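Breakdown of the fold
The lines below spell out each chain.
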Amino acid sequence: VVLARQHLLVLSKAILLNLLALVLLGGLSAVTLQAWFMVLYLAPLAYLLWELLAWRHRQYILTDHRVVKQEGVFNISSFDASLDKINNVYHQQSFLGRLLNYGEVGLETASEQGTTTFAFLSKPVDFKNSIVRQRERYRAEAGAAMTAAGPSVTQLLEELASLRDRDIITAAEFEEKKRSLLGRI
């Protein structure tokens, strides 16, 4: 299981607002000698804490079967894509994103939603590569399970037809076995 989050840079707006409010309200308090102006600082501070809490609850999870995007503090929304349904995985990084190690990872699936994007993701290349490795591992395990399960119904029907054509079984026996095999599907 791999847990990824957005880069801390998503909090920059709230941090800058707090610094600006601190400077303005601190300066206003110092000039007017009125300390109560600092009470107004509680609003931007609450905004910063809310954004931090929202960031903490925004998770991107890779398991051995699916990729999950979960967001929300009080109201939670979740999206998941099964690894076998993912057609393509891509990532994009701007120059600044490469310097600060953040970017976007996208999943293209055959679902109605099409592409799902994980924006401002920290270490996007690592997350993308983890998805690709896990998807290939999942597909290899699924292929091995299919091989271990034995011949497919189609292969069994072809063998039965061959036995019928060589007069090893009768046409009635072929039809009976055919109905039995088709009943498995």
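Report follows, based on the coordinates. Bear in mind that the values here come from a model prediction, so they are computed numbers and not experimental data. (Residues numbered from 1 in each chain as written. Predicted model: local features only at pLDDT ≥ 70, side-chain atom pairs only at ≥ 80, totals over all residues. Heavy atoms only, no water.)

A word on the overall build of the protein
A count of helices and strands for the protein gives six helices and seven strands. Beginning at the N terminus, the succession of helices and strands in the protein can be written as β-α-α-β-β-β-β-α-β-β-α-α-α. Against the 2.2 N^0.38 benchmark of 16 Å for 185 residues, the protein shows a C-alpha radius of gyration of 29 Å, more extended than a compact globule. Oriented by its inertia axes, the alpha-carbon framework of the protein measures out at about 105 × 35 × 25 Å. Of all 185 residues assigned to the protein, the portion counted as buried reaches 29%. Pairs at least 24 apart in sequence give 47% of the contacts found in the protein among residues at least 6 apart. (Helix = DSSP H or I, 4+ residues; strand = E, 2+ residues; numbered from the N terminus. Rg over C-alpha atoms; globule rule 2.2 N^0.38 Å. Buried < 20%, exposed > 50% of the residue type's maximum accessible area, 1.4 Å probe, protein only. Contact = heavy atoms within 4.5 Å.)

Examining the nonpolar core
Judged by nonpolar contacts, the single largest core of 16 residues is most densely connected at Val-67, Ile-86, Leu-107, Phe-118, Phe-127 and Ile-131. Per element, the largest residue contribution to this core is three residues, and it comes from helix α4 (residues 124-148). Each residue touching Phe-127, except ones within four places of it in the same chain, is listed here: Val-2, Ala-4, Tyr-60, Leu-62, Val-67, Val-105, Phe-118 and Leu-121. Ranked by size, the runner-up nonpolar core spans six residues in total, among them Val-153, Ala-161, Phe-174 and Leu-181. (Core = buried A, V, L, I, M, F, W, Y, C linked by side-chain atoms within 4.5 Å.)

Focus: the environment of Thr-32
If you trace the backbone, Thr-32 turns up in helix α1 (residues 12-32). On the basis of relative accessibility, which here comes to 32%, the residue Thr-32 falls in the partly exposed class. The sequence separation of Thr-32 and Val-10 amounts to 22 residues, and the corresponding C-alpha distance is 35 Å. At 2.7 Å, the side chain of Thr-32 and the backbone oxygen of Leu-28 are in polar contact. (Polar contact = N/O pair within 3.5 Å; in protein donor to acceptor, adjacent residues only side chain to side chain.)

Here we look at the packing of aromatic side chains
Using the criterion set out here, one finds five aromatic pairs in the structure. On the numbers, 4.3 Å between centres and 25° between planes, the contact of Trp-36 with Phe-37 is stacked. Exposure remark for Phe-37: the relative accessible area of 15% places this residue in the buried category. Ring centres of Phe-118 and Phe-127 lie 5.9 Å apart, and the angle between their planes is 85°; this geometry places the pair in the edge-to-face category. (Phe/Tyr/Trp six-rings, centres within 6.5 Å; stacked < 30°, edge-to-face > 60°.)

Looking at the packing of α1 against helix α2 (residues 42-56)
Viewed as axis vectors pointing N to C, α1 and α2 meet at an angle of 165°, and their least axial separation amounts to 9 Å. With respect to their mutual orientation, α1 and α2 come out roughly antiparallel. For the element pair α1 and α2, the recorded crossing hand is left-handed. For the pair α1 and α2, the contacting residues are Lys-13, Ala-14, Ile-15, Leu-17, Asn-18 and Ala-21 in the first and Pro-44, Leu-45, Tyr-47, Leu-48 and Glu-51 in the second. Residue classes in the contact of α1 with α2 are distributed as eight nonpolar, one polar and two charged. (Axes fitted to C-alpha atoms, helices over the stretch in contact; angles between N-to-C directions. Parallel < 35°, antiparallel > 145°, perpendicular 65-115°, else oblique. Left-handed = near helix turned anticlockwise from the far one by under 90°. Nonpolar A, V, L, I, M, F, W, Y, C, P; charged D, E, K, R; others polar.)

What about the sheet that holds strand β1 (residues 2-4)?
Strands sit in the order β1-β2-β3-β4 across an open sheet of four strands; the sheet is antiparallel. The open sheet has two edge strands with one neighbour each: β1 and β4 (77-82). Pairwise comparison of adjacent strand axes, ignoring direction, gives a mean angle of 15° for this sheet. Judged from the three bridges that link them, β1 and strand β2 (residues 59-62) form a sheet pairing that is antiparallel. Within β2, the residue paired with Val-2 across the bridge is Leu-62. (Pairing = 2+ DSSP bridges.)

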